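# Summary of structural features
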Amino acid sequence: ALMPNAPSSPAYPVPFENEVNISYKFEYETDVNINVYDTKGALIRTVDNTSYIKGTVGPTKIDLSRTDNQMYFVRLTTSKGTLVKKIISSSNLSRE
């Protein structure tokens, strides 16, 4: 189920270089779980926010500088649903 109050583009900057910021705001109390997967579905990073306060913007910075992929999927899960967002890294573009 897609979350009704989820921001349309919670990941920035796009494309990102070494770190990506995931921003979210919900009008209910919830734990927030963020998982980052590569295109093969392997879990790369996981972040839990168990102290999210309703109505606030919860920014989370995720370091992806030691990963080799260029495209990832971010899955943000709350008590009311899940949102999946594709993010692109620019760091591999400049390594060639």
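Source: prediction; values computed, not measured.

As a further point, take the sheet that holds strand S3 (residues 32-38). Strand order across the open sheet formed by four strands is S4-S3-S6-S7, with antiparallel pairing between neighbours. The sheet is open, and its two borders are formed by strand S4 (43-49) and strand S7 (81-88), each paired with just one other strand. Here the average twist between neighbouring strands, direction ignored, is 15°. By the bridge criterion, six bridges tie S3 to strand S6 (residues 71-78) in an arrangement that is antiparallel. Bridge pairing in S6 links Tyr 37 to Phe 73.

Counting residues in each nonpolar core, the largest one holds 17 residues, and the members touching the most others are Val 20, Ile 22, Tyr 24, Ile 34, Leu 64 and Ile 87. For this core, the elements supplying multiple residues, two or more each, are strand S2 (19-25), S3 and S6. Those residues in contact with Ile 34, other than ones at most four positions away along the chain, are Ile 22, Tyr 24, Arg 45, Thr 46, Val 47, Thr 60, Ile 62, Val 74, Arg 75 and Leu 76.

Relative to the helices and strands, Lys 86 resides in strand S7. Excluding its chain neighbours within four sequence positions, the residues that come into contact with Lys 86 are Met 71, Tyr 72 and Phe 73.

What follows covers the sheet that holds S2. Strand order in the open sheet made by the three strands is S1-S2-S5, with antiparallel pairing throughout. Two strands in the sheet have a free side with no partner beyond their single neighbour: strand S1 (11-12) and strand S5 (57-63). Of the strand pairs in this sheet, S1 and S2 are connected by two bridges, and their pairing is antiparallel. Across the sheet, residue Ala 11 finds its bridge partner in S2, namely Ile 22.

Position of Thr 67 among the secondary structure elements: in the loop between S5 and S6. Overall, Thr 67 belongs to the buried group, its relative accessible area being 10%. A polar contact of 2.5 Å, which involves the side chain of Thr 67, links it to the side chain of Tyr 72.

So, on to the environment of Tyr 37. Secondary-structure assignment places Tyr 37 in strand S3. Those residues within four positions of Tyr 37 in sequence are excluded, and the remaining contacts are Ala 42, Leu 43, Ile 44, Tyr 72, Phe 73 and Arg 75. Here Arg 75 takes part through its side chain, which lies 3.1 Å from a polar atom of the side chain of Tyr 37.

Definitions and cut-offs
- Residues numbered from 1 in each chain as written.
- Predicted model: local features only at pLDDT ≥ 70, side-chain atom pairs only at ≥ 80, totals over all residues.
- Heavy atoms only, no water.
- Pairing = 2+ DSSP bridges.
- Helix = DSSP H or I, 4+ residues; strand = E, 2+ residues; numbered from the N terminus.
- Axes fitted to C-alpha atoms, helices over the stretch in contact; angles between N-to-C directions.
- Core = buried A, V, L, I, M, F, W, Y, C linked by side-chain atoms within 4.5 Å.
- Buried < 20%, exposed > 50% of the residue type's maximum accessible area, 1.4 Å probe, protein only.
- Contact = heavy atoms within 4.5 Å.
- Polar contact = N/O pair within 3.5 Å; in protein donor to acceptor, adjacent residues only side chain to side chain.

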